[in-house]
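# Tertiary structure, described
Given next are the chains, with one letter for each unit.
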Amino acid sequence: MLGFFYLSIIWTLSLQVTSTAVWRKQLHTQDRELPTFDWFSIPPSRQLVWHECYTTQIPPDSTQYALPLPPSPSRKPYCARLSLPLDYHNSSNSNKISLAVLKLSVAQGGPSHGTIIASIGGAGNSRVQEVQAVEAMGFFDTIDPDLEYDFLVFDQRGFGYTTPSAKCFGSKLQLKVWKQRMRDLGQISTSAGKESLLIQSAGAHARGDLCVESGNGKTDIMKYMTTAYAARDMLEILLLLEERGRGPLGAPSPSGTHVPKLQYLGFSYGTFLGLTFASLYPQLVSRMLLDGTVDAYDWVGKWQMAHLTDADVVWSTFYTDCFGANEYCPMWRDSDSEPKDIENRVQVLLDKLSKRPAYSISNGNLRMITKRDLRIAMFQATLTPTFAFANLADTMNELLQGNTNLTLEFPFEDDIPFSDDYDEDNRAGTNEDAGAALNCGDTEDISESSIDEFLQYLSALEKQSSIAAFYQAERRLRCLGWPKSLRPDAKSRFTGPFTSGNNSDNEHSNPILFLNNRLDSQTPIENAYKMAKGFPGSIVLEQNAKGHCAFGNSIPSWCTISHVRNYIRNGSLPKPGTICEADCNPLNGTCFAASGRWSFGAL
């Protein structure tokens, strides 16, 4: 899923909240812009040729840091552009891609335990941009406080700074205006009926045809963006890594004398990439931590029903948390006798917005706030409930009171940009076209499914979740209009079995550590238990918390951190059935002083 990483960043990193109430997040007071780098200054190479890059780093943010800050930036960035085949299955196709690879190297000396490859964020997002944001907030130092590892990320095919880029619209402004126009034409819901869905379906087909027009036939990257190909790209990186130390700056690192094994961290969609690699190349896995696990069989299937089963359960905790906080929760009233009173108040607000949208005036700009906008905010808050619930309570209370100058800038899904700037850094952040190409390419083709079939799917989603069904349906609707000419060949996809027993040489991967919050509105913990069965000896470590990814949108407990560190260092796994309790309680304010360090958004 796409679209919420930067929405989460907006609402968790740059807001200013001055109240000292325990339900209110104390946040950094300065805007934090990502540094830039000219990736085209690096010539592509068949080797990993490292160049200094991003020399101006984001300074560590003590207000977002749950652990002691390092005295100086702990890792130095190096960049490379790796030239790889466009089509691994057709040697007559000589076209190449240039993979953007970023390595965060230990500042002094080589890493004593090698390199860990990480995949952070949703399908379509730039790992290069995301990893800089989370690294400034201590993410990798939490996992590796002794600075024993380098960390490496790469922008997958069509993503971010990797070229060619998968994009259909000529500018970001054109994309935003199109999306706003489609929302104005109707919403996706069973109550809206078939007519609205027919309109949205026509829009999906039109967008698909635009993607065909923007491509280039044989070299069109969108046909070669499957997760199976991303796993093969990761294998190529692995084979080129020099684990005995870093090569001279600007010179290719010599090949190792043995094939190194993968050390990997995967979060959200990154868990599917990890599961794919571990199934295709089980003998090459050393350590693999998967947090917020995707049901791989559901991901490659037709309708994708394994995402939202916990979404409404997570949202329901807003009412209980707010009721327990009493006067510290802005949505609580003296007359409330149970959480249901707060739930009724939220429903009153939703009903008001459905009849007459509210509006917000901020920085010379005017925005309407609709029922759909609030539902998106509610769903987004379930990804980051530890601190987002507090912000949303403030906003909803002000909307109920009719305020037009909101204390917190409302987290709109798609702000229309003030310029038509579509430079590399703008384009790299979140590429929805790339996300659609990946998701529609990985999954079973639904382009010939009828509107009635899609309505049945939508109805099933609405039974799962009242706040997030429309979001999942909109994502899947893209594939209803995805052209067959942009679909990958069957040999470019991997649909299972997802198990370490695939390889005929009987060399199985090492056990995987699956990590999940007990309540996750995007990747329910049942997914982790299901996928762990395919990898003998693997363990699910459960954190008794809520939010998407245990390390992503909640505060990992010291219990969780200790088990993760032990697994990364020596491969030791927690005992089956281990549950790590949360160290902080959102009702006493301890979570908010340490939260907001990183955010992985939706799939």
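Just so it is clear, the model here is predicted, and its values are computed rather than measured. (Residues numbered from 1 in each chain as written. Predicted model: local features only at pLDDT ≥ 70, side-chain atom pairs only at ≥ 80, totals over all residues. Heavy atoms only, no water.)

## Observations concerning the packing of aromatic side chains
Under the defined criterion, the tally for this structure stands at 26 aromatic pairs. Their ring planes at 20 degrees and their centres at 5.7 Å tell us that Trp-39 and Tyr-161 sit as a pair that is stacked. With Trp-39 in the loop between helix 1 (5–13) and strand 1 (51–52) and Tyr-161 in the loop between strand 5 (150–154) and helix 4 (172–184), the pair connects residues that are 122 residues apart, well separated along the chain. Consider the rings of Trp-315 and Phe-318, whose centres lie 4.8 Å apart with planes at 5 degrees: the pair is stacked. With Trp-315 and Phe-318 both in helix 9 (residues 311–325) and three residues apart, the pair spans about one turn of that helix. Across this residue pair, the class does not change: Trp-315 and Phe-318 are buried. Aromatic ring contacts, followed pair by pair, group Tyr-269, Phe-272, Tyr-297, Trp-299, Phe-494 and Phe-498 into a single cluster. (Phe/Tyr/Trp six-rings, centres within 6.5 Å; stacked < 30°, edge-to-face > 60°. Helix = DSSP H or I, 4+ residues; strand = E, 2+ residues; numbered from the N terminus. Buried < 20%, exposed > 50% of the residue type's maximum accessible area, 1.4 Å probe, protein only.)

## Remarks on a nonpolar patch on the surface
On the surface, a cluster of nonpolar side chains totalling about 390 Å² of accessible area is made up of Tyr-359, Ile-361, Leu-366 and Met-368. Position of Ile-361 relative to the elements: it lies in strand 8 (residues 358–362). (Patch = residues over 30% accessible without salt bridge, like charges linked within 9 Å, V, L, I, M, F, W, Y side chains within 5 Å. Areas by Shrake-Rupley, 256 points an atom, 1.4 Å probe, with all protein chains shown as cover. Salt bridge = Lys/Arg side-chain N within 4 Å of Asp/Glu carboxyl O.)

## Topic: helix 18 (residues 558–570)
With 13 residues, helix 18 extends 18 Å from end C-alpha to end C-alpha; this agrees with the ideal 18 Å at 1.5 Å per step. All of the buried residues along helix 18 are Thr-560, Ile-561, Val-564, Arg-565, Tyr-567 and Ile-568. Take helix 18 and look down its axis: the buried residues cluster within an arc of 165 degrees, on one side only. One or two residues past the end of helix 18 sits Gly-571, with phi positive at roughly 80 degrees. (Expected span 1.5 Å × (residues − 1). Arc of directions from axis to C-beta.)

## Notes on the packing of helix 10 (residues 339–355) against helix 11 (residues 371–383)
Viewed as axis vectors pointing N to C, helix 10 and helix 11 meet at an angle of 145 degrees, and their least axial separation amounts to 8 Å. Residue-level inspection shows Val-346, Leu-349, Leu-350, Leu-353 and Ser-354 of helix 10 in contact with helix 11, the latter providing Lys-371, Leu-374, Arg-375 and Met-378. Classifying every residue of the contact of helix 10 with helix 11 gives six nonpolar, one polar and two charged. (Axes fitted to C-alpha atoms, helices over the stretch in contact; angles between N-to-C directions. Contact = heavy atoms within 4.5 Å. Nonpolar A, V, L, I, M, F, W, Y, C, P; charged D, E, K, R; others polar.)

## A word on the packing of helix 6 (residues 227–240) against helix 7 (residues 269–280)
Where helix 6 contacts helix 7, the two axes come as close as 9 Å, and the packing angle between them is 70 degrees. On the basis of the axis angle, helix 6 is roughly perpendicular to helix 7. Residues Thr-227, Ala-228, Ala-230, Ala-231, Met-234, Leu-235 and Leu-238 of helix 6 form the contact with helix 7, whose participating residues are Tyr-269, Phe-272, Leu-273, Thr-276, Phe-277 and Leu-280. Each residue belonging to the contact of helix 6 with helix 7 can be placed in one class, and the counts come to 11 nonpolar, two polar and no charged. (Parallel < 35°, antiparallel > 145°, perpendicular 65-115°, else oblique.)

## So, the pattern of salt bridges
One pass over the full model with this rule turns up 20 salt bridges. The salt bridge involving Lys-76 is made with Glu-52; its shortest N-O contact spans 3.1 Å. Of this pair, Lys-76 sits in strand 2 (residues 75–85) while Glu-52 sits in strand 1; the two residues are 24 residues apart in sequence, bridging distant segments of the chain. By relative accessible area, which is 34% here, Lys-76 ends up partly exposed. Judged by its relative accessible area of 38%, Glu-52 falls in the partly exposed class.

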